[in-house]
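Listed below, chain by chain, are the residues.
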Amino acid sequence: NVIAVGKTHRHNDDLSPPETADGSNTHFSTSNQYQTGTLDVFVNGILYATDIDYSEDSDRRGYTFFTAPPPHAVLQHRYLIEKE
């Protein structure tokens with residue numbers, strides 16, 4: 001038997017934001033609140049860098065690109081969700 005003490009986590013089950021890349025939208029959301037520092041964002045399969053390409057939203061429910069992704073870009077994300 002495994003006993004966890006303190007917070008545990010699980011991976012997200014949403015693979016992409018509900019918003020679509022249209023060339024002007026810079027804000028995209030996640031279905032769950034993520035642990036700070038665990039968000040990875042991919043554009044057309046390329047891993048983007050936090051604080052260079054995008055920033056995590058302060059409520060940890062989305063992210064904002066500094067430059068809008070191109071229209072029809074494939075956006076994906078992964079992150080860890082805290083569980084009590």
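Shown above is the structure to which this text applies.
Everything numeric here is computed off the predicted structure, so don't read it as measured data. Position numbers for residues count from 1 along each chain, tracking the sequence in the order it is written. Restriction of local features to residues with pLDDT of at least 70 applies here, the model being predicted, together with a cutoff of 80 or more for giving and counting side-chain atom pairs; totals for whole chains, interfaces and linings are based on all residues. In computing side-chain values, all of the structure's heavy atoms are included and hydrogens and water are not.

> Talk me through the nonpolar core; I want residue IDs and the actual numbers.
Of all hydrophobic cores here, the largest spans 13 residues; its most connected members are Leu-39, Val-41, Tyr-54, Tyr-63, Phe-65 and Leu-75. Here a helix means four or more residues in a row that DSSP labels H or I, a strand means two or more in a row labelled E, and each is numbered from the N terminus. Those elements that place two or more of their residues in this core are β3 (40-43) and β6 (62-65). We call two residues in contact whenever any of their non-hydrogen atoms come within 4.5 Å of each other. If we skip the residues at most four places from it in the chain, Phe-65 touches Thr-26, Phe-28, Val-41, Val-43, Tyr-48, Asp-53, Tyr-54 and Leu-75. Side-chain atoms within 4.5 Å are what join buried Ala, Val, Leu, Ile, Met, Phe, Trp, Tyr and Cys residues into a set we call a nonpolar core. Burial status follows relative accessibility: with a 1.4 Å probe on protein chains alone, a residue under 20% of its type maximum counts as buried, one over 50% as exposed, and anything between as partly exposed.

> Break down the sheet that holds β6 for me, with residues and values.
Strands qualify as paired when DSSP identifies two bridges or more between them. Within the open sheet, the three strands sit side by side as β2-β6-β5. Their pairing is antiparallel. If you trace the sheet from one side to the other, it starts and ends with β2 (27-29) and β5 (54-56), each paired once. Averaged over all adjacent pairs, the angle separating strand axes in this sheet is 25°, with direction ignored. Here β2 pairs with β6 via three bridges, running antiparallel. From the neighbouring strand, Ser-29 faces β6, where its bridge partner is Gly-62. Orientation is described by lines fitted to C-alpha atoms, with helices fitted over the stretch in contact, and by angles between N-to-C directions that extend from 0 to 180 degrees.

> Kindly report on the sheet that holds strand β7 (residues 75-78), identifying the contributing residues and their values.
Taken in spatial order, the three strands of this open sheet run β4-β3-β7, and their pairing is antiparallel. Looking along the sheet, the strands with just one partner apiece sit at the ends: β4 (46-48) and β7. Adjacent strand axes in the sheet meet at a mean angle of 30°, parallel and antiparallel pairs treated alike. Pairing analysis gives four bridges linking β3 to β7, with the strands arranged antiparallel. Note that in β7 the partner of Val-43 across the bridge is Leu-75.

> For the side chain of Ser-29, give the residues involved together with the corresponding values.
By secondary structure assignment, the location of Ser-29 is in strand β2. In protein, a polar contact means a hydrogen-donor-capable atom and an acceptor-capable atom, both N or O and within 3.5 Å, with residues adjacent in sequence counting only if both atoms are side-chain atoms; elsewhere, any N or O pair within 3.5 Å suffices. Polar contacts involving the side chain of Ser-29 include one to the side chain of Glu-19, which spans 2.6 Å. Contacts of Ser-29, omitting those with residues within four sequence positions, involve Pro-17, Pro-18, Glu-19, Arg-61, Gly-62 and His-77.

> Talk me through unusual backbone geometry; I want residue IDs and the actual numbers.
Positive phi, normally seen in glycine, also occurs at Asp-51, with a value near 70°. Using a relative accessible area of 63% as the deciding quantity, one classes Asp-51 as exposed.

> With reference to specific residues and values, describe the pairing of β6.
Relative to β6, β5 runs antiparallel, the two being bridged by three bridges. Residue pairing across strands places Glu-56 opposite Tyr-63, the latter belonging to β6.

> Run through the pattern of salt bridges, naming residues and quoting values.
Throughout this description, the term salt bridge denotes a Lys or Arg side-chain nitrogen within 4 Å of a carboxyl oxygen of Asp or Glu. Applying the stated criterion across every chain yields a total of one salt bridge. Put simply, Asp-40 and Arg-78 hold a salt bridge, and the shortest N to O gap is 2.8 Å. Of this pair, Asp-40 sits in strand β3 while Arg-78 sits in strand β7, placing them 38 residues apart in sequence. Judged by relative accessible area, which is 24%, Asp-40 ranks as partly exposed. We classify Arg-78 as partly exposed; its relative accessible area is 43%.

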